[in-house]
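Secondary and tertiary structure notes
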Amino acid sequence: MMDEWHKQIENISSTAQKKIAHANTQEELASIYTELLGKKGVISTLSRALRTYSEEERRIRGPLLQSLRVTIESWYQDRLTAINIRPINKDIVCDITAYIAPTTYGGLHPYTHIITHIEDIFVSLGWSIVEGPEVEDEFHNFDALNIPPHHPAREQHDTFWLPTPHTLLRTHTSSVQVRTMMNRQPPLAICAPGRTFRHEATDATHDFVFMQCEGLFIDRNVSLAHLVGTIQICMQQLFRNYTIQVRLQPDYFPFVEPGLQFSVSCPFCSSGCSVCKKSQWIEIGGAGLVHPHVLRTCSIDPDIWNGFAFGFGIERIAMLLYHINDVRLFKTGKKAFLQQFAHVPQGK
Ligand code: PHE
């Protein structure tokens, strides 16, 4: 009788060991486990059979069964660990010919490149970078800048008026000049890049949402020479061409006197090219000395303080620098357009 019990135990033990060793997946192993140690498994059946024996016999047969249970349990645990750390295909360690899909990287938008560069230039001159709201009021966008209602200059600003009275989408970043002068004490040196809006038809050189960069400098005895020097440094750095000259021509903006338009000598040629249309000069933006009315409106005494302001379009700079021929491309979100700037180092 005793031999038979022994034999059974040994048989179960050797088949269990083989089966566990040959299990290749967790699922296979799990079903072998149930077969052996589950409620209806071989070990449980033997346990039930044990009850039919006398106490004395149970004392001898019981420990044999228990040690089999423990052994199977440990084989199971070892095999489970082995399955989990095994390479998926143990024959292939590393396939150097395997195809790996190329990684596509995102890049910074040309706006980000240019604005970062402009900010670096002005911060290096000791200026501050400031922001103003895109949803503006009539006072900051027009009245405080010497453009009262019915002033003809308002007609040049095709304005997106909002349903709330006296509220609009700012038509230029010059509104940030007003906000800065009203909230800070002179001397002031600020640069304000930002989004602006004009209600007009779009074409290759006009969009109804565009970017501008405003500059404002207020101190004592500021002259046009300071304005020219500042614009020259900014443009030379921006185009990475240190021979660039600045040209001023009279223009009219109600918030500056004199009002000027500034151009730079063509950064790409010395005798006329397609970019400067053979003129050797490229128009960049507007500028002038801040009008005393504007200073007074912002509670700055024009007998003590004066200064200059300038503004230019960021798209124009980007189009010149990167040879972009349609301003609308900036906002299409087209991958083919954006990927061209993915490898431009930041701020270049
Ligand atoms: N705000 C003007 C424009 O949008 C540009 C400008 C800024 C002119 C500052 C003079 C001084 O056209």
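For clarity, every value in this text was computed on a predicted model and none was experimentally measured. (Residues numbered from 1 in each chain as written. Predicted model: local features only at pLDDT ≥ 70, side-chain atom pairs only at ≥ 80, totals over all residues. Heavy atoms only, no water.)

The subject of this paragraph is the overall build of the protein chain. Regarding its fold elements, the protein chain presents 12 helices and 9 strands. Taking 2.2 N^0.38 as the reference for a compact globule, 348 residues should give roughly 20 Å; the C-alpha atoms of the protein chain span a radius of gyration of 40 Å, well beyond that estimate. Looking at the protein chain residue by residue over its 348 residues, the buried ones come to 43%. Restricting to contacts in the protein chain with at least 6 residues of sequence separation, those with at least 24 account for 67%. With an accessible surface of roughly 19600 Å², the protein chain has 54% of that area assigned to carbon and sulfur atoms. Taken together, the 32 basic and 35 acidic charged side chains of the protein chain have centroids lying 9 Å from each other. (Helix = DSSP H or I, 4+ residues; strand = E, 2+ residues; numbered from the N terminus. Rg over C-alpha atoms; globule rule 2.2 N^0.38 Å. Buried < 20%, exposed > 50% of the residue type's maximum accessible area, 1.4 Å probe, protein only. Contact = heavy atoms within 4.5 Å. Areas by Shrake-Rupley, 256 points an atom, 1.4 Å probe, with all protein chains shown as cover. Lys, Arg positive; Asp, Glu negative; His and termini not counted. Charge placed at Lys NZ, Arg CZ, Asp CG, Glu CD.)

Here we come to the domain arrangement of the protein chain. Domain boundaries assigned for the protein chain yield domain 1 (2-84) and domain 2 (113-341). Inter-centroid distance (C-alpha atoms) of domain 1 to domain 2 is 85 Å. (Domains from an automatic or database assignment.)

Time to look at the state of the cysteines. Throughout the structure, instances matching the rule amount to 0 disulfides. For the unlinked cysteine Cys-191, the closest cysteine sulfur is that of Cys-213, found at 3.6 Å. Cysteine Cys-273 is unpaired, with the sulfur of Cys-269 as its nearest cysteine sulfur at 3.6 Å. Residue Cys-273 is classed as buried on the basis of its relative accessible area, which comes to 15%. (Disulfide = S-S within 2.5 Å.)

Among the 10 residues in strand S8 (residues 281-290), 8 count as buried, and that is most of the element. Sheet topology places strand S7 (residues 256-265) next to S8; 8 bridges connect them, and they run antiparallel. Bridging across to S8, Phe-262 finds its partner in Gly-285. Note: S8 against strand S9 (residues 306-313), 5 bridges, orientation antiparallel. Bridging from a neighbouring strand, Ala-287 pairs with Phe-310 of S9. (Pairing = 2+ DSSP bridges.)

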